[in-house]
Amino acid sequence: MNSKDSESQAAPEGFTADLAESITGVGLVWAQTTAGVIGKDGDMPWHLPEDLKHFTKLTAGHPVIMGRKTWLSFPAKYRPLPGRTNIVITRQENWGSTPEAEGAVVVKSLDDALLESQFVPGGSTVWILGGGEIFAQSVDIADVAVVTFIDSEADGDTYAPELGYEWENSANEPPKGWLTSANGTRYRFTVWRRKGA
Ligand SMILES: NC(=O)c1ccc[n+]([C@@H]2O[C@H](COP(=O)([O-])OP(=O)(O)OC[C@H]3O[C@@H](n4cnc5c(N)ncnc54)[C@H](OP(=O)(O)O)[C@@H]3O)[C@@H](O)[C@H]2O)c1
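Note that the coordinates shown come from a computational prediction; the quantities given were computed from them, not determined experimentally.

1. A look at the site of the ligand
For step 1, the next point in the chain: By nearness alone, 28 residues border the ligand, and A31, R68, T70, T90 and Q92 come closest of all.
For step 2, the next point in the chain: A distance of 2.9 Å separates a nitrogen atom of the ligand from a polar backbone atom of I38.
For step 3, the next point in the chain: Contact distances for the ligand include 3.0 Å between an oxygen atom and a backbone N or O atom of G132.
For step 4, the next point in the chain: Protein coverage of the free-state accessible area of the ligand, which is 940 Å², stands at 89%.
For step 5, the next point in the chain: Only β1 (25-33), β2 (37-39), α4 (68-73), β6 (125-130) and α6 (132-138) provide two or more residues apiece to the shell around the ligand.

2. Section: the nonpolar core
For step 1, the next point in the chain: Judged by nonpolar contacts, the single largest core of 27 residues is most densely connected at L19, V29, M66, W127, L129 and V146.
For step 2, the next point in the chain: Those elements giving two or more residues to this core turn out to be α2 (13-22), β1, α3 (49-59), β3 (64-67), β6, β7 (144-150) and β11 (186-194).
For step 3, the next point in the chain: Of all hydrophobic cores here, the second largest spans 23 residues; its members include A113, I134, A142 and W167.

3. Looking at the packing of aromatic side chains
The description of two aromatic rings rests on the distance between their centres and on the angle between their planes.
For step 1, the next point in the chain: What the rule picks out here adds up to three aromatic pairs.
For step 2, the next point in the chain: Their ring planes at 5 degrees and their centres at 6.1 Å tell us that F15 and F189 sit as a pair that is stacked. One end of the pair, F15, is in helix α2; the other, F189, is in strand β11, and 174 residues separate them in sequence.
For step 3, the next point in the chain: Accessibility expressed as a relative area gives 16% for F15, which makes it buried.
For step 4, the next point in the chain: Their ring planes at 55 degrees and their centres at 5.1 Å tell us that W30 and F135 sit as a pair that is tilted. Of this pair, W30 sits in strand β1 while F135 sits in helix α6; the two residues are 105 residues apart in sequence, bridging distant segments of the chain.
For step 5, the next point in the chain: A network of ring pairs unites the aromatic residues F15, Y187 and F189 as a single cluster.
For step 6, the next point in the chain: R188 extends its terminal NZ or CZ atom over the ring of F149, reaching a point 5.9 Å from the ring centre.
For step 7, the next point in the chain: In this structure, R188 packs its charged tip against the face of W178, placed 4.2 Å from the ring centre.

Rules behind the numbers
- Residues numbered from 1 in each chain as written.
- Predicted model: local features only at pLDDT ≥ 70, side-chain atom pairs only at ≥ 80, totals over all residues.
- Heavy atoms only, no water.
- Near = heavy atom within 4 Å.
- Polar contact = N/O pair within 3.5 Å; in protein donor to acceptor, adjacent residues only side chain to side chain.
- Areas by Shrake-Rupley, 256 points an atom, 1.4 Å probe, with all protein chains shown as cover.
- Helix = DSSP H or I, 4+ residues; strand = E, 2+ residues; numbered from the N terminus.
- Core = buried A, V, L, I, M, F, W, Y, C linked by side-chain atoms within 4.5 Å.
- Buried < 20%, exposed > 50% of the residue type's maximum accessible area, 1.4 Å probe, protein only.
- Phe/Tyr/Trp six-rings, centres within 6.5 Å; stacked < 30°, edge-to-face > 60°.
- Lys NZ or Arg CZ within 6 Å of the ring centre and 35° of its normal.

So yeah, pure geometry; function would need other evidence.
As structure tokens, then:
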């Protein structure tokens, strides 16, 4: 296969399903530009339907944890994310009783979120969805990180956490090069595991 072929192939259907099967514990999942941007102005500075499909398949049936700002980054009609207990973290005392919080399980800390996740369907695997603040606080306790790299130079104001020496790359799809979205954006899925996990 030449490099052009490897850039135009679609992700094999089984990759995400097999990956989802293989993961238990605390997972982080995000998409970033090659420079580490994950967000801008409360949204993501790209549109990549293939990654949304991957994200949905990966997290289906498991609790998801996110910061209030990430929750609000989803259009109201798409929240809560269906088929998953949506646990939202805020320091605000009364936010949980506002209309914005409808459909969320609202907690006051990451520890409370992780505890809550153990008592809901699919809690043997819990996915932390971000955003930047929550990733920064959870990277030290996560077992796995599933990261979509997007070949984009988009500017942003929110960044991915750094995966230090204690992490190792365990899989890439495709193994080399990029996939190409129907909209022309190049991307690849990567999997990182805590060494020894
Ligand atoms: N590319 C991706 O995969 C991806 C994924 C997720 C999000 N994003 C992007 O990231 C951006 C949002 O990220 P962000 O860093 O601004 O916000 P965030 O992490 O989603 O949420 C931050 C909020 O969470 C609450 N919070 C944080 N730490 C807390 C703690 N220790 N205890 C209690 N509450 C806590 C606070 O809510 P209160 O202010 O209510 O107290 C804080 O304002 C958006 O642009 C979004 O689109 C991108």
